[in-house]
Amino acid sequence: MVTKRPRRIGWFDSVVLRHSARVSGFTHLALNCLDILTGIKTLKICVAYKLDGKEIDDYPATLKELNQCEAVYEELPGWEEDITKAKTLADLPENARNYLKRISELVHVPLATFSVGPDREQTNVVEKVWQNN
Amino acid sequence: MSSIVVVGSQWGDEGKGKITDFFGQDADITARYQGGDNAGHTIVLNGKSYHLQLIPSGIFDQEKYSVIGNGVVVNPKSLINEIDQLKKDGISTDNLRISNRAHVIMPYHILLDGLQEKKKDAKIGTTNKGIGPAYMDKYERIGIRIADLIDKETFEEKLRSALEVKNELLTKIYDVAPLNFDTIFNEYNAYADRIRPYVIDASYLINNALDEHKNVLFEGAQGVMLDVDHGTYPFVTSSNPSASGAAVGTGIGPNRIDNVIGVCKAYTSRLVKVPSQPS
């Protein structure tokens, strides 16, 4: 973070991610800060919004509609284990692996990397992104 | 050739710097394509931390080019400060290249940024760096580009006519003192002399590198949800962080982008000052 202005924190919002993946043509996701979720018993992912009682899949164009939206959540079991030294998906607890898998499914984009801490060594490659090497 | 765009998928604090640095290890060119010194990242190198707001992170490797594309708006004062800071630490900036078509942030842009925000009922949370007003001038066709700045005659002519419009705005609408032509002209001429050695047609450089099968990384600032077209308008930035912005903002065809990496956090965070998300 660069501007150091106050932030509001929420659960992973797959409606936002599907929108940005679509308008930007994501071929891969680089998922950061997985370690921050360690120790939370039940994790939630926002899978859709509800507007006027109906589930919508797209991201509203107006702030008026956005303010009327309600988040629809799915719950996943969390993990307790320290994951900051994980190098591969296999090193992660099953619940962390499932969390990543579900995000990738909901966004319809495969993971390129997942990070378990701020250091360069804590970013792990799942899939190559450079075609040359 | 191989090229990737690294872009934030949320509201710009996803840790793009880290991912850019990570994939940048294999890049021959790192290029910025939008935004200005309202972005930035911290890089830790040999125990010392560097905070760059404008210069892409490729600067630390002399084998690589670090490019500021035409879609970026450049505050020359910030740019020179960054160059000086790097040089002081013994880091060469010989591999820096600046597009001759990038627009220049002028003192009246910075002044107007604050004045315009004050007048708005719903504050958009500007960083007060003159970025939005510089883009306004670009689209109003009264902007000053790097190529104009480094040609003294052209600069004098363009500054004179732009300043006439801006001073009218400052005095008649915002009721503040006008800006002095000579002060700006002299200050910016000195900047021009410092910047000139780095200025090129960046599109040419990048396309040639792709032809030679080099790796090019396009580095997006802010995030897709702050894109002026696709974000949570009007609480957005004044440019296109979305991956398509990389094509226009550096002068390559969209068919030259191989992969687009959306950087995200495992959760959501955004500035408190803007309207809430359902989640």
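Residues numbered from 1 in each chain as written. Chains lettered and ligands numbered in written order. Predicted model: local features only at pLDDT ≥ 70, side-chain atom pairs only at ≥ 80, totals over all residues. Heavy atoms only, no water.

Caption draft 1: Local environment of the confidence of the model for chain B. Taken over all residues, the pLDDT of chain B has a mean of 93, while the share at 70 or more is 96%. Both scores are given for the predicted complex: the pTM is 0.94, the ipTM 0.94. (pLDDT = per-residue confidence, 0-100.)

Caption draft 2: Fine view of the interface of chain A and chain B. Contact residues are listed per partner, giving 54 residues for chain A and 64 residues for chain B. Area buried by chain A at its contact with chain B is led by Arg8, Arg120 and Trp130 of chain A, which between them contribute 17% of it. Taken together, chain A and chain B are joined by one salt bridge. Across the pair Asp21 of chain B and Arg120 of chain A runs a salt bridge whose closest N-O atoms are separated by 2.7 Å. Taken together, the connections running from chain A to chain B amount to 23 residue pairs in polar contact (both at pLDDT 80 or more). (Contact = heavy atoms within 4.5 Å. Buried area = accessible area lost by both parts, 1.4 Å probe. Salt bridge = Lys/Arg side-chain N within 4 Å of Asp/Glu carboxyl O. Polar contact = N/O pair within 3.5 Å; in protein donor to acceptor, adjacent residues only side chain to side chain.)

Caption draft 3: Highlighting the domain arrangement of chain B. Residue and element names in this part refer to chain B. What the domain assignment reports for chain B is domain 1 (2-102 + 198-263) and domain 2 (104-196). Measuring from the centre of the C-alpha atoms in domain 1 to the corresponding centre in domain 2 gives 23 Å. The interface of domain 1 with domain 2 comprises 29 residues on the first partner and 24 residues on the second. Approximately 2,100 Å² of surface area, both sides summed, lies buried where domain 1 meets domain 2, with 61% of it carried by carbon and sulfur atoms. Our enumeration of links across domain 1 and domain 2 arrives at one salt bridge. Linking domain 1 with domain 2 are 11 residue pairs in polar contact (both at pLDDT 80 or more). If you list the elements that add at least two residues to the side of domain 1 that touches domain 2, you get strand 6 (73-74), helix 2 (76-88) and strand 7 (96-99). In terms of residue count, the dominant contributor to the side of domain 1 that touches domain 2 is helix 2 (six residues). Its residues assigned to classes, the side of domain 1 that touches domain 2 shows 13 nonpolar, 12 polar and four charged. (Domains from an automatic or database assignment. Helix = DSSP H or I, 4+ residues; strand = E, 2+ residues; numbered from the N terminus. Nonpolar A, V, L, I, M, F, W, Y, C, P; charged D, E, K, R; others polar.)

Caption draft 4: Unusual backbone geometry, seen in detail. All names here are of chain B. With an omega of 5°, the peptide bond running from Tyr233 to Pro234 counts as cis. Within the element layout of this structure, Pro234 appears in the loop between strand 10 (215-223) and helix 9 (244-250). The backbone phi angle of Arg141 is positive, close to 65°, even though this residue is not glycine. When you line up the elements, Arg141 lands in the loop between helix 4 (131-140) and helix 5 (146-149).

Caption draft 5: Quick look at the UniProt feature "active site" (unreviewed entry) in chain B. Residues and elements named next belong to chain B. As recorded in UniProt, the sites labelled "active site" (unreviewed entry) are Asp13, His41 and Lys138. Spanning 126 residues, the named residues are also spread out in space, since their farthest C-alpha pair is 26.8 Å apart. Structurally, Asp13 is set in the loop between strand 1 (2-8) and helix 1 (16-24). Tracing the backbone through its elements, the reader meets Lys138 in helix 4. Other than its neighbours up to four places away in sequence, Lys138 contacts Asn70, Gly71, His103 and Gly143. (UniProt positions renumbered as here; feature names shortened; annotations may be inferred.)

Caption draft 6: Looking closely at the pattern of salt bridges. All names here are of chain B. For the structure shown, the criterion picks out 17 salt bridges over all chains. Asp148 is paired through a salt bridge with Arg145; the nearest N and O atoms lie 3.5 Å apart. The exposure class of Asp148 is buried, given its relative accessible area of 7%. Look at Arg145 and you get partly exposed, because its relative accessible area is 32%. (Buried < 20%, exposed > 50% of the residue type's maximum accessible area, 1.4 Å probe, protein only.)

Caption draft 7: Broad picture of the side chain of Asn189 of chain B. Inspection of the secondary structure puts Asn189 of chain B in helix 7 (residues 181-195). Residues in contact with Asn189 of chain B, not counting those within four places in the same chain, are Lys152 and Phe155 of chain B.

Caption draft 8: Representation of the UniProt feature "binding site: GTP" (unreviewed entry) in chain B in the model. In the numbering used here, UniProt assigns the "binding site: GTP" (unreviewed entry) feature to Gly12, Asp13, Glu14, Gly15, Lys16, Gly17, Lys18, Gly40, His41 and Thr42 of chain B. Of the residues just listed, which span 31 residues, no C-alpha pair is farther apart than 14.3 Å, and they cluster in one region. In this structure, Gly12 of chain B sits in the loop between strand 1 and helix 1. Taking relative accessible area as the criterion, Gly12 of chain B reaches 25% and is therefore assigned partly exposed. Residue contacts for Gly12 of chain B: discarding those within four places in its chain leaves Gln222, Gly223 and Leu226 of chain B. Position of Glu14 of chain B relative to the elements: it lies in the loop between strand 1 and helix 1. The class of Glu14 of chain B is buried, set by a relative accessible area of 0%. Discounting residues that sit within four places of it in the chain, Glu14 of chain B has contacts with Asn32 of chain A together with Gly8, Ser9, Gln222, Gly223, Val263, Cys264 and Lys265 of chain B.

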